[in-house]
Amino acid sequence: MPVHQTRGERVVDIFFYAMLTIAAFSTVYPFIYLLVISLNETQDALRGGLYFLPRKFTLDNYLYVFENQRLARASFNSVARTVIQTVLSVFCCGMLAYVLSRKTFIFRKAFSLTLVITMYVSGGLIPTYLLIKNLHLLNTFAVYIVPGLISAFYIFIMRTFFEQLPDGLVESAYIDGANDFSIFARIIMPISLPVVATVALYVAVNEWNTWFDNYLYNSRNENLAVLQYELQKMIQVVENTSETEGEGSSRVISPLTIKSTLTILVTVPILLVYPFLQKYFVKGLTLGAMKD
């Protein structure tokens, strides 16, 4: 039977729906605005007044970006570092988090305190650079992977989740003769997909957007450049010079349109990946719905 609402309840519902609509529009509109700017002719965009549709549609901004011959190699490097780092970081942080979640591990408090200290105190830029140099990681692809394998923040997120799992799962596995690694890989990780997907999303977004380590450690090797670093250099070039193609050509590139175009290009891959991780959120919650 339908539930009859009072006038006051309908007013409250309308108010909340209106607020949610405004919040959703406020979240989505910046992306719409950037897309409109990126698809509009540069000189016309500089006049302002663009809101929902481009006045003079053009793909020149995207063509200018894709004309950079180094972007293909840089895109491959960014995808490779993102995928490899996400898989290895989630696995390594998960193993350490599982150990720290076991009450039988007598040094769990000491190790946890050590990890907490690393969240507030860092070695500094110069000592870190010297460490990377002494480890012979300069101008290598490994410099994108090794330094970030372990993160205290991700470890504590996963440890908190592992501590909420029923102890009976581990105890029954011990009785059946399973070792700690088998328990972690075959029992703990499959039922911890919500936290695994969450940490994977954090790592992937961070790795995809990072360019500063490329500038510090691999700036001399163009073959190891990542996409964000190449785009950063492109923005600097556009800000210092303006490009006009051919005599009488109306193609003019400005920082406004290029920045909008680059923002769209680097955001779309994350937006495409997120729905797949959201599916694992739901699946992981279903697998983890059990009682001790």
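Residues numbered from 1 in each chain as written. Predicted model: local features only at pLDDT ≥ 70, side-chain atom pairs only at ≥ 80, totals over all residues. Heavy atoms only, no water.

Q: I'd like to hear about the nonpolar core, residue by residue, with values.
A: Residues Val 90, Tyr 98, Met 158, Phe 162, Ile 188 and Val 199 are the most contacted members of the largest nonpolar core, which totals 25 residues. If you list the elements that add at least two residues to this core, you get α4 (71-101), α7 (152-163), α8 (167-175), α9 (180-188) and α10 (193-209). Among all residues touching Val 199, those that are not within four sequence positions of it are Val 90, Tyr 154, Ile 157 and Met 158. Grouped together as the second largest cluster of nonpolar side chains are 13 residues, Leu 227, Ile 258, Leu 262 and Val 266 included. (Core = buried A, V, L, I, M, F, W, Y, C linked by side-chain atoms within 4.5 Å. Buried < 20%, exposed > 50% of the residue type's maximum accessible area, 1.4 Å probe, protein only. Helix = DSSP H or I, 4+ residues; strand = E, 2+ residues; numbered from the N terminus. Contact = heavy atoms within 4.5 Å.)

Q: Which residues make up a nonpolar patch on the surface, and what are the values?
A: Taken together, the side chains of Leu 113, Val 116, Ile 117, Met 119, Tyr 120, Val 121, Phe 153 and Tyr 202 present a nonpolar region at the surface, about 840 Å² in accessible area. Summarising the element assignment, Tyr 202 is placed in helix α10. (Patch = residues over 30% accessible without salt bridge, like charges linked within 9 Å, V, L, I, M, F, W, Y side chains within 5 Å. Areas by Shrake-Rupley, 256 points an atom, 1.4 Å probe, with all protein chains shown as cover. Salt bridge = Lys/Arg side-chain N within 4 Å of Asp/Glu carboxyl O.)

Q: So, α9: which residues are in play, and what are the values?
A: Those residues of α9 not exposed but buried are Ile 183, Phe 184 and Ile 188. Taken around the axis of α9, the buried residues stretch over an arc of 95 degrees, which confines them to a single face. Tucked into the core, α9 has its buried residues touching α4, α7 and α8. Near the N-terminus of α9, the side chain that reaches the backbone nitrogen of Phe 181, with its oxygen 3.3 Å away, is that of Asn 179. (Arc of directions from axis to C-beta. Polar contact = N/O pair within 3.5 Å; in protein donor to acceptor, adjacent residues only side chain to side chain.)

Q: Quick rundown of the side chain of Arg 102? Include the residues and the values.
A: Secondary-structure assignment places Arg 102 in the loop between α4 and α5 (108-120). Among residues more than four places away in sequence, those in contact with Arg 102 are Arg 108, Phe 162, Asp 167 and Val 170.

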